[in-house]
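# A closer look at the structure
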Amino acid sequence: MTASRDARDSRVPEATVARLATYLRVLTTVADRAVVTVSSEELAAVAGVNSAKLRKDLSYLGSYGIRGVGYDVGTLTEQISRTLGLTVHRSVALIGVGNLGQALAGYAGFATRGFRIAALLDADPVRVGSHVRGLLVRDIAELDDVVAENAITIGVLAVPASAAQDVCDRLVAVGVTSILNFAPVVLAVPPHVHLRKVDLAAELQILSFHETRKAAAALSEAARA
């Protein structure tokens, strides 16, 4: 990667990074249909953003498309993948192999996007030593060795809220610098560690809010009829 590429990637805003992941998913679907080019309007519509925002996002990559033609699907996919660091396969440690953890371990989408679940860990003696999706479940006490053996840089937490901060601290202590947290709790990490949170219950609550609002609007409309 060139110095100019490094400089360009370093100024991509966090909000744009999140949308780039969405654009990449859409482009993968488009490519599966053997589509070679896509307009900014088409890509934006499927991604759920306006075309001006999409063009601005892609300008951070140095990709401006061709007027009247659009974006080359293959080239744009490569540019976004490179910006997101997906051209380098990354090893992931999944901590917590309960119901959610087992579901995550079996998610095929990780591999197709450049991520390999390289290790499974748990603190429950009943689960330690078992196999999930062909992987041996290691004891959390072996975390240091597991991270070193597999060159782990990303940790995924699927543990109870009460254990999440302790496991997070352990990951940071052994050099893991990116953490994806599924536990319903806010975690504290040092500035050099990137933390992302997936709160499934909160997302459902947001959907519930929208359903309540739609129901209220429907009742109001019926009252006016």
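What you see is a predicted model; the values in this text were computed from it and never measured.

### Concerning the overall build of the protein chain
Along the protein chain, the regular secondary structure elements total ten helices and nine strands. Projected onto its principal axes, the C-alpha coordinates of the protein chain cover approximately 60 × 60 × 35 Å. Counting every position in the protein chain, which comprises 225 residues, the buried fraction comes to 36%. Taking the contacts inside the protein chain whose residues are at least 6 apart along the sequence as the reference set, 55% of them involve residues at least 24 apart.

### A word on the sheet that holds strand S9 (residues 194-197)
Pairing within the open sheet is mixed, and its seven strands lie in the order S5-S6-S4-S3-S7-S8-S9. In the strand order of this sheet, the two ends are held by strand S5 (131-132) and S9, each with one partner. Set on the sheet, helix H8 (residues 143-150) makes contact with strand S3 (90-95), strand S4 (115-122) and strand S6 (135-139); between it and S4 the angle comes to about 165 degrees. Each of S3, strand S7 (154-157) and strand S8 (178-181) touches helix H9 (residues 161-173); the most contacted strand, S7, lies at about 170 degrees to it.

### Overview of the nonpolar core
Judged by nonpolar contacts, the single largest core of 22 residues is most densely connected at Ile95, Leu121, Leu157, Leu171 and Ile179. Elements that contribute at least two residues to this core include exactly S3, S4, H8 and H9. Top element by residues in this core is H9. It accounts for five residues. If sequence neighbours within four positions are ignored, Leu121 has contacts with Ala93, Leu94, Ile95, Gly96, Val97, Val137, Arg138, Asp139, Ile140, Glu142, Leu143 and Val146. If you look at the next biggest cluster of nonpolar residues, it comprises 20 residues, including Leu43, Ala44, Leu58 and Leu61.

### Considering H8
Three or more residues of H8 are buried, namely Leu143, Val146, Val147 and Asn150. Along the long axis of H8, the arc covered by the buried residues comes to 95 degrees, so they all point the same way. In H8, the exposed positions that point more than 90 degrees away from the buried face belong to Ala148 and Glu149. Those residues of H8 hidden inside the fold are in contact with S3, S4, S6 and H9. After H8 finishes, the residue Ala151 shows a positive phi value of roughly 50 degrees.

### Describing the side chain of Ser51
Looking at the element boundaries, Ser51 is found in helix H4 (residues 51-59). Assessed through its relative accessible area of 19%, Ser51 is described here as buried. Aside from chain neighbours lying at most four places away, what touches Ser51 is Ser40, Glu41 and Ala44.

### Comments concerning the pattern of salt bridges
Applying the stated criterion to the full structure yields ten salt bridges. A salt bridge links Arg138 to Glu142; the shortest N-O distance between them is 2.9 Å. Residue classification places Glu142 among the partly exposed residues on the basis of a relative accessible area of 30%. Look at the salt bridges and you will find they share partners, linking Arg138, Glu142 and Glu149 into a network.

### Here's the deal with the confidence of the model for the protein chain
Close reading of the predicted structure is inappropriate where its pLDDT is low. Averaged over every residue, the pLDDT of the protein chain is 89; the share at 70 or more is 96%. When pLDDT is averaged over each element of the protein chain, S7 comes out on top at 97 and helix H1 (residues 3-10) at the bottom at 46. Below pLDDT 50 for its whole length, residues 1-9 participates in ten contacts with residues either more than four positions away or in separate chains.

Calculation rules
- Residues numbered from 1 in each chain as written.
- Predicted model: local features only at pLDDT ≥ 70, side-chain atom pairs only at ≥ 80, totals over all residues.
- Heavy atoms only, no water.
- Helix = DSSP H or I, 4+ residues; strand = E, 2+ residues; numbered from the N terminus.
- Buried < 20%, exposed > 50% of the residue type's maximum accessible area, 1.4 Å probe, protein only.
- Contact = heavy atoms within 4.5 Å.
- Pairing = 2+ DSSP bridges.
- Axes fitted to C-alpha atoms, helices over the stretch in contact; angles between N-to-C directions.
- Core = buried A, V, L, I, M, F, W, Y, C linked by side-chain atoms within 4.5 Å.
- Arc of directions from axis to C-beta.
- Salt bridge = Lys/Arg side-chain N within 4 Å of Asp/Glu carboxyl O.
- pLDDT = per-residue confidence, 0-100.

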